[in-house]
Every structure is written in structure tokens, then in C-alpha cells.
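Structural characterization, general
Each chain is listed here by its residues.
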Amino acid sequence: GQSLEQPSEVTAVEGAIVQINCTYQTSGFYGLSWYQQHDGGAPTFLSYNALDGLEETGRFSSFLSRSDSYGYLLLQELQMKDSASYFCAVRVAGGKLIFGQGTELSVKP
Amino acid sequence: EAQVTQNPRYLITVTGKKLTVTCSQNMNHEYMSWYRQDPGLGLRQIYYSMNVEVTDKGDVPEGYKVSRKEKRNFPLILESPSPNQTSLYFCASSSGAGGAYEQYFGPGTRLTVT
């Protein structure tokens, strides 16, 4: 089968840095995406990696290692509003997307 | 304003009563997709469409139908809903296929089947 593994929960304090890992086992791989979702609202796109390396967008960065079938989302200078669920997703073929189960991030003051 | 709209937002229905959840986008996107979200299971893709008249199964298509007759609309049809289809449903669209392109999600439809 196809699967993505991410931690179910992560807790950090305001101002800190947190890393959310995602490992995947899929038949086919076109790239790894990250989405943020607040309290059951609409998910919003954060980043996409197709090639190995680090992509930086403001306080958020995303990393991919295709040889290790692994990626992570790095959140810096954490703010309370970053408390949300974070999902990694892999495009496997055509338009098919597989999502991880999500990581609930709690940011404490 | 660029957006994806879904209707209804909330629906309580009974087993076996056919229903349709509509999805519409105003961004001229080619790619559209339906997901269901259940606690602890993340988002699971039901069906997707690469363009008009082109649809394909995602991970959990059983019990669902879709159609893409126009670019802007992508309705989800439950011919005979069952309680295991109680879930939060999201429609999404993007200018291209899959993960490379930013997907815009609708606000969600919370469906309860009794």
C-alpha cells in the first residue's frame, strides 16, 4: 500500500523552532506538499518540493530527500497563530494525491 | 474574489436518500478534486478531475460518483448514502495537477448520514 507517516502531535513554545517530519512509502513520486489547517477549516497550501533540498518561504521552510523518502516542514519564530494541523501530501501519479494523517501543533506561551 | 464554493455546508440525511454536494470555482482551474476528512485519518482523496470530461478515482471512490461537464463545476454524488459516509468533505481546485500547484480548498461540507 501507499502510506505517509507523520507524528500525531508536537508541542513547542512561542518563539521556538519546530520540525515536523514526514516519511513516505508510495508507488511513484512526483513531489511533496505541505498544508496547514486550523480547527477543521479549509486547508491552505504552504509549500511544494519536487527536488532534493530546502525551500524557504518566510518563517516556513520545507526539505526533501528523495533517496530517504523523507521530508520535513520547519517553522521558525513560532507564533500562537501557528497552532494548527499540518499535513504532508505526495503526488503519486496523474492527479492522485496521498495525504498523511496530520500533525497537530500546539504552540504554548 | 478567487474562491471555491461548496453547498450545502451542513447536511443531515438518512440512509439511502440520494444527495449531491456541489462545488464551483471561479479561477478557471483545470484540476479539481474531492476529499473526505475523518478524525485520525487525514484527508483522503475520493475523485479528481484533470479537465472537463476527465475524471479518475482517488483512494476511496467507493459509494461516490462525480461528473465534470463544465470547467467550473465538480459535483459529488452519493447515490445511496450510508452511515460510514458521515464525514467532512472538501472540494479543491488548482491550475495544474496534483501537488506542484497550490490547491485552493472550499469551506467544507459536514455530512451526517443516519
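Residues numbered from 1 in each chain as written. Chains lettered and ligands numbered in written order. Predicted model: local features only at pLDDT ≥ 70, side-chain atom pairs only at ≥ 80, totals over all residues. Heavy atoms only, no water.

**Side note on the interface of chain A and chain B**
- Across the boundary between the two partners, chain A contributes 20 residues, which contact 25 residues of chain B.
- The junction of chain A with chain B conceals about 1,700 Å² of combined surface from both sides, 58% of it contributed by carbon and sulfur atoms.
- In terms of surface lost to chain B, no three residues of chain A exceed Gly95(A), Leu97(A) and Phe99(A), which account for 28% of the buried area on that side.
- Between chain A and chain B we count one salt bridge in total.
- One salt bridge connects Lys96(A) with Asp59(B), and the closest N-O pair in it is separated by 3.5 Å.
- Counting across the interface, chain A meets chain B through five residue pairs in polar contact (both at pLDDT 80 or more). (Contact = heavy atoms within 4.5 Å. Buried area = accessible area lost by both parts, 1.4 Å probe. Salt bridge = Lys/Arg side-chain N within 4 Å of Asp/Glu carboxyl O. Polar contact = N/O pair within 3.5 Å; in protein donor to acceptor, adjacent residues only side chain to side chain.)

**Here's the deal with the sheet that holds strand 7 (residues 65-66) of chain B**
Residue and element names in this part refer to chain B.
- One open sheet accounts for four strands, arranged 1-3-8-7; its pairing is antiparallel. Looking at the sheet topology across the chains shown, the edges are occupied by strand 1 (4-7) and strand 7.
- Bridge analysis of strand 7 against strand 8 (residues 76-78) gives two bridges, and the strand direction is antiparallel. Bridge pairing in strand 8 links Val66 to Leu76. (Pairing = 2+ DSSP bridges. Helix = DSSP H or I, 4+ residues; strand = E, 2+ residues; numbered from the N terminus.)

**Things to note about the nonpolar core**
- In terms of nonpolar packing, the biggest core is built from 24 residues, with Leu32(A), Trp34(A), Leu75(A), Tyr86(A) and Leu105(A) touching the most fellow members.
- Top contributing element to this core by residue count: strand 9 (residues 84-93) of chain A, with five residues.
- Residues Val21(B), Cys23(B), Trp34(B) and Phe74(B) belong to the second largest nonpolar core, which totals 19 residues. (Core = buried A, V, L, I, M, F, W, Y, C linked by side-chain atoms within 4.5 Å. Buried < 20%, exposed > 50% of the residue type's maximum accessible area, 1.4 Å probe, protein only.)

**With respect to the side chain of Arg36(B)**
All names here are of chain B.
- As for its placement among the helices and strands, Arg36 is situated in strand 4 (residues 31-38).
- Within polar-contact distance, the side chain of Arg36 engages the side chain of Tyr64 at 2.9 Å.
- The contacts of Arg36, once residues within four sequence positions are left out, are Gly42, Leu43, Arg44, Ile46, Val60, Tyr64, Asn84, Gln85, Thr86, Ser87, Leu88 and Tyr89.

**Some thoughts on the state of the cysteines**
Residues and elements named next belong to chain A.
- Scanning the entire structure with this criterion turns up two disulfides over all chains.
- One disulfide in the model links Cys22 with Cys88; its S-S distance is 2.1 Å. When the S-S torsion is 75 degrees, as for the bridge of Cys22 with Cys88, the disulfide is right-handed. Of the two residues, Cys22 sits in strand 3 (residues 18-25) while Cys88 sits in strand 9, which places them 66 residues apart along the sequence. (Disulfide = S-S within 2.5 Å.)

**What about the environment of Ala2(B)?**
Residue and element names in this part refer to chain B.
- Within the secondary structure, Ala2 is located in the segment before strand 1.
- For the pair Ala2 and Gln25, spaced 23 residues apart in the sequence, the C-alpha separation amounts to 7.7 Å.
- When sequence neighbours within four positions are dropped, the list of residues in contact with Ala2 reads Asn26 and Met27.

**So, the pairing of strand 3 of chain A**
Residues and elements named next belong to chain A.
- Burial of the side chains of strand 3 is restricted to one face: Val18, Ile20, Cys22 and Tyr24 are buried, whereas none of Gln19, Asn21, Thr23 and Gln25 on the reverse face is.
- Inspection of the sheet shows strand 1 (residues 3-5) paired to strand 3 by three bridges, in the antiparallel sense. Residue pairing in the sheet places Leu4 in a bridge with Tyr24 of strand 3.

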